[in-house]
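Next come the chains, spelled out residue by residue.
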Amino acid sequence: MPHTRDVPDTPPPFLGSWRRVYTATLVYLVLIISICYLFTRIYR
Amino acid sequence: MTPLDWVVLVTALVSIIAYGLYRSRGSNTVDRYLLAGKSMPWYAMALSIMATQASAITFISTTGQSYVDGMRFVQFYFGLPLAMIVICATVVPLFHHARVYTAYEYLEKRFDSKTRVLASIIFLCQRGFSAGLTIYAPALVLSVILGWPERTTTILMGATVVTYTVLGGIKAVTWSDVQQMGVILLGLVISLVTVIKLLPASVSFGDAVYLAGAAGRLNAVTTHFDWNDRFNIWSGLIGGTFLFLSYFGCDQSQVQRYLTGKSIAQSRLSLLFNAVAKIPMQFFILFIGAMVFVFYLFVQPPVLFQHLELKRISGMSEFQSTQQQYQRAFDQRKQAALALVEAHHAGDAAGEERQKLEYRAAQKDLDVTRAAAAKLVEKTGGEKGFNDTNYIFLSFVTKYLPSGLVGLVIAVIFAATMSASSGEINSLATVSVIDLYQRHFKRGASDVHYLWASRWLTLFWGAYAVVFAGWAGRLGSLIVAVNKVGSLFYGSLLGCFTLAIVFPKVRGTAVFTGMLAGEAAIFATAYFTDVSWLWYNVIGSVVVIVIALGITYLGPEPGPRVELEPDPLEY
């Protein structure tokens, strides 16, 4: 049985590089944890 | 279930399966059957990844958990974006460039045959165990809530899943997952809107959120650290990251989703979509549970939501006093809730604080009487560790949702079960064929032979899941431990893949020894300590890495790598 084929490695469709996409994801995580934290503090 | 509910349920399920099979035409080679010929767009993989992870118990149990304990569970997902970034940067390009069908196939290229076999067997044990429970758990809840026979439900769900998974392979699984995720999201949105509409006219949405928060049901973030507490921000960020690294990076049931991508970028986007969407989605599901809690502030809920057990203990003299206490506590809580809303509207800070204390005290009394009833169930021959969390949401749905919507919510339960189960049996068959059958039992056969082997093994694993589900009732409260059981095996796999990627000097024997030591450490932790299962992956993977590095750098110099039996994949 042969190997499956390799696939191309291309830049992301936005933000220009994968490093920037990962950084944006990290910023998003910090933002969403902050929102959850504020939500907890306001409604308690 | 009214005739309209049945129409909604059957229409949803038939259209999902028909569409999945329609999209899977031409799956007539092993590559197309197991990896869709690497042709999948990112959005199909993204929804398939999401649907595979979300089983029926995710929805049934998460809403119930929020009703009982608030929204702390959302912290479990805080590690997910971190894990996805690491996986996108490392294993996605690695697996694609290695041109592998399974994650464990890569381990033979990097280490040796025995490491690949050990990892495959660990996966088959862990995922094989959960494949049966994926079908059994919702069947059990539906049997109690709707009176459907457990066996009929498991066979119906199992046969449906096996049919489209055997016939269409991963294309049918993925495109069905896309549809199933659509049904799930639609059902959840309609459920939340309906819960809010069912609240008393005097209670606005803002009041409902305020009341849920005052009762501690909106505690999305808890910052204290406790080894034995499953859900706080630290166990989520550290333990959650390790768990999701294991699940998305080393578990073939997820790896196979993103190996179908038409490019590395498409595979990465599918994972990053989940990194972004998963926390809000879980927040949303938990919020539904919090709103069901507010609904039951004004409509008296049963003492226990598992009505068969409630019926069994209702005649007992011991239960009568509990019932009276419960009635009193409910009335007090309802009055306190209304008074609290009034004080909040009037801007009377002192009155608000006083009413809040009364409201919380009444809630505590209510919790105490519910715990006493659960204890009585245990004491009189019921399940050990009995709780009714899994019955809360469906009990509410079947009692208060209008005709048609009940059918939609049951379709959500079926869709979630089938999407999780199809991914499991599809990946179990793939590992059985690629890592064991064609590697050690039947080498060098034709593509058609392996295609049929894949189909037969898919049928085998589907039948196994249904039979296991029929037998799972005897496991009793072990059902509750499904996540815990998963965590018993993930740590050593994560340690193994970390060594493969990060430490180029490490060889197969060191990893193999480390994995056995890691498993021993995890089982010892589970057996002898109260450490929460979220930490098992951290402990297991660290032990594997430390032992393997110790053998590599402190042990004798290994000889040149000898591969006695060449891998037929190399020809």
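Please read these numbers as outputs of a predicted model, since none were measured by experiment.

Visitor: Help me understand the overall build of chain B, please; the structure alone is not making it clear to me.
Guide: The secondary structure content of chain B amounts to 22 helices and zero strands. Relative to its length of 571 residues, chain B is compact, with a C-alpha radius of gyration of 25 Å against a globular reference of 25 Å. In terms of its C-alpha atoms, chain B occupies a principal-axis envelope of roughly 80 × 55 × 45 Å. By sequence separation, contacts in chain B at least 24 residues apart represent 86% of the contacts at least 6 residues apart. Carbon and sulfur atoms provide 65% of the accessible area of chain B, an area that totals close to 20,900 Å². If you average the places of the 43 positive and of the 35 negative side-chain charges in chain B, the two averages end up 6 Å apart.

Visitor: Would you mind going over the overall build of chain A with me for this structure?
Guide: Counting its regular elements, chain A contains one helix and zero strands. A burial count over chain A gives 34% of its 44 residues as buried.

Visitor: Could you clarify how one ought to interpret the environment of Leu357 of chain B in this entry?
Guide: Of note, Leu357 of chain B is situated in helix 16 (residues 349-379). Sequence separation of Leu357 of chain B and Leu269 of chain B is 88 residues, and the distance between their C-alpha atoms is 48 Å.

Visitor: What should I look at first to understand the nonpolar core in this one?
Guide: Side chains that are nonpolar tend, in soluble globular proteins, to be buried together. Residues and elements named next belong to chain B. Counting residues in hydrophobic clusters, the biggest one holds 193 residues, and the most contacted among them are Phe95, Tyr258 and Tyr359. Residue contributions to this core peak at 23 residues, all from helix 13 (residues 264-298). Residues from two domains meet in this core; each of domain 1 (3-296 + 399-554) and domain 2 (307-387) gives at least three. Counting 14 residues, the second-largest nonpolar core is a separate cluster that includes Val303, Leu304, Phe319 and Phe386.

Visitor: I would appreciate a short explanation of the interface of chain A and chain B in the present structure.
Guide: Often, the extent of an interface is quoted as the loss of accessible area on bringing the components together. In this complex, chain A contributes 28 residues to the contact, which on the side of chain B involves 54 residues. Summed over both sides, the interface of chain A with chain B buries roughly 3,500 Å², with 70% coming from carbon and sulfur. In this structure, the connection of chain A to chain B is made through zero salt bridges. In the side of chain A that touches chain B, the residues fall into 19 nonpolar, five polar and four charged.

Visitor: Help me out: how do you make sense of the environment of Val30 of chain A in this one?
Guide: With respect to the helices and strands, Val30 of chain A occurs in helix 1 (residues 18-42). Each C-alpha atom, one on Val30 of chain A and one on Arg41 of chain A, is 16 Å from the other, the two residues being 11 residues apart in sequence.

Visitor: How do you make sense of the domain arrangement of chain B when you look at a structure like this?
Guide: All names here are of chain B. With domains assigned, chain B is organised as domain 1 (3-296 + 399-554) and domain 2 (307-387). Its C-alpha centre places domain 1 at a distance of 35 Å from the equivalent point of domain 2. Counting residues at the interface gives 13 residues for domain 1 and 18 residues for domain 2. Summing the contributions of domain 1 and of domain 2, the shared interface buries around 1,400 Å²; its carbon and sulfur component is 57%. In terms of surface lost to domain 2, no three residues of domain 1 exceed Tyr210, Leu211 and Ala214, which account for 38% of the buried area on that side. Linking domain 1 with domain 2 are zero salt bridges, by the criterion used here. For the interface between domain 1 and domain 2, the tally reads five residue pairs in polar contact (both at pLDDT 80 or more). Counting only elements with at least two residues in the side of domain 1 that touches domain 2, the list comes to helix 8 (113-146), helix 10 (205-214) and helix 13.

Visitor: Sorry, what's going on with the packing of aromatic side chains here?
Guide: Geometry of an aromatic ring pair is reported as the spacing of the ring centres plus the angle between the planes. All names here are of chain B. The tally for this structure, following the rule as stated, stands at 36 aromatic pairs over all chains. In this structure, Arg23 is placed above the aromatic ring of Trp175, and the distance from its NZ or CZ to the ring centre is 3.7 Å. If you follow Lys114 out to its NZ or CZ, it ends over the ring of Phe512, 5.8 Å from the centre.

Visitor: Please clarify how the packing of helix 3 (residues 42-53) of chain B against helix 13 of chain B should be interpreted in this entry.
Guide: Angle between the axes and distance between the axes: these two values describe a pair of packed helices. Residue and element names in this part refer to chain B. Two elements in contact, helix 3 and helix 13, have axes separated by 8 Å at closest approach and are oriented at 45 degrees. In this view, helix 3 runs oblique relative to helix 13, as classed from their interaxial angle. Here helix 3 and helix 13 pass one another in a crossing that is right-handed. Contacts from Trp42, Met45, Ala46, Leu47, Ile49, Met50 and Gln53 of helix 3 reach helix 13 at Gln266, Ser267, Leu269, Ser270, Leu271, Phe273, Asn274, Ala277, Lys278 and Met281. Per-class residue counts for the contact of helix 3 with helix 13 are 11 nonpolar, five polar and one charged.

Visitor: What exactly am I supposed to notice about the pattern of salt bridges here?
Guide: Once their charged atoms are close, side chains differing in charge can pair, the charge on each being opposite to the other. Residue and element names in this part refer to chain B. Taken as a whole and judged by the stated rule, the model has nine salt bridges over all chains. In this structure, Arg127 engages Glu424 in a salt bridge whose closest nitrogen and oxygen atoms are separated by 2.7 Å. One end of the pair, Arg127, is in helix 8; the other, Glu424, is in helix 18 (residues 405-441), with 297 residues separating them in the sequence. Comparing Arg127 with Glu424, the two get one shared label, buried. Bridged by salt links that share partners, the residues Glu108, Arg116, Asp435 and Arg439 form one connected network.

Visitor: Looking at this structure, I do not really get the packing of helix 7 (residues 103-110) of chain B against helix 18 of chain B. What am I missing?
Guide: Residue and element names in this part refer to chain B. Running from N to C, helix 7 and helix 18 cross one another at 40 degrees; their axes reach a closest spacing of 8 Å. As far as their axial angle goes, helix 18 and helix 7 are oblique. The residues of helix 18 that touch helix 7, namely those facing Tyr104, Glu105 and Glu108, are Val431, Ile434, Asp435 and Arg439. By residue class, the composition of the contact of helix 7 with helix 18 is three nonpolar, no polar and four charged.

Visitor: I would appreciate a short explanation of unusual backbone geometry in the present structure.
Guide: Comment: phi is negative for the bulk of residues other than glycine, and the bulk of peptide bonds are trans. Although it is not a glycine, Leu15 of chain A adopts a positive phi angle of roughly 70 degrees. Along the chain, the position of Leu15 of chain A falls in the segment before helix 1. Non-glycine residue Ala36 of chain B carries a positive phi angle of around 55 degrees. As for its placement among the helices and strands, Ala36 of chain B is situated in the loop between helix 2 (30-35) and helix 3. Residue class for Ala36 of chain B comes out buried when judged on its relative accessible area of 3%.

Visitor: Sorry if this is basic, but what is going on with the confidence of the model for chain B here?
Guide: Caution applies to low-pLDDT parts of the model: their predicted coordinates are not meant to be read in detail. Residue and element names in this part refer to chain B. Of the residues in chain B, 94% reach a pLDDT of 70 or more, and the chain-wide mean stands at 86. No element of chain B has a lower mean pLDDT than helix 14 (residues 307-314), at 82, and none a higher one than helix 5 (residues 80-89), at 94. Taken as a whole, residues 562-571 scores under 50 in pLDDT and shows 23 contacts with residues more than four places along the chain or in a different chain.

Visitor: Whenever I open this one, the side chain of Arg127 of chain B confuses me. Can you help?
Guide: Residues and elements named next belong to chain B. Taking relative accessible area as the criterion, Arg127 reaches 7% and is therefore assigned buried. Within polar-contact distance, the side chain of Arg127 engages the side chain of Tyr490 at 2.8 Å. Residue contacts for Arg127: discarding those within four places in its chain leaves Tyr247, Asp251, Ser253, Glu424, Leu428 and Tyr490.

Each value, and the rule that gives it
Residues numbered from 1 in each chain as written. Chains lettered and ligands numbered in written order. Predicted model: local features only at pLDDT ≥ 70, side-chain atom pairs only at ≥ 80, totals over all residues. Heavy atoms only, no water. Helix = DSSP H or I, 4+ residues; strand = E, 2+ residues; numbered from the N terminus. Rg over C-alpha atoms; globule rule 2.2 N^0.38 Å. Contact = heavy atoms within 4.5 Å. Areas by Shrake-Rupley, 256 points an atom, 1.4 Å probe, with all protein chains shown as cover. Lys, Arg positive; Asp, Glu negative; His and termini not counted. Charge placed at Lys NZ, Arg CZ, Asp CG, Glu CD. Buried < 20%, exposed > 50% of the residue type's maximum accessible area, 1.4 Å probe, protein only. Core = buried A, V, L, I, M, F, W, Y, C linked by side-chain atoms within 4.5 Å. Domains from an automatic or database assignment. Buried area = accessible area lost by both parts, 1.4 Å probe. Salt bridge = Lys/Arg side-chain N within 4 Å of Asp/Glu carboxyl O. Nonpolar A, V, L, I, M, F, W, Y, C, P; charged D, E, K, R; others polar. Polar contact = N/O pair within 3.5 Å; in protein donor to acceptor, adjacent residues only side chain to side chain. Phe/Tyr/Trp six-rings, centres within 6.5 Å; stacked < 30°, edge-to-face > 60°. Lys NZ or Arg CZ within 6 Å of the ring centre and 35° of its normal. Axes fitted to C-alpha atoms, helices over the stretch in contact; angles between N-to-C directions. Parallel < 35°, antiparallel > 145°, perpendicular 65-115°, else oblique. Left-handed = near helix turned anticlockwise from the far one by under 90°. pLDDT = per-residue confidence, 0-100.

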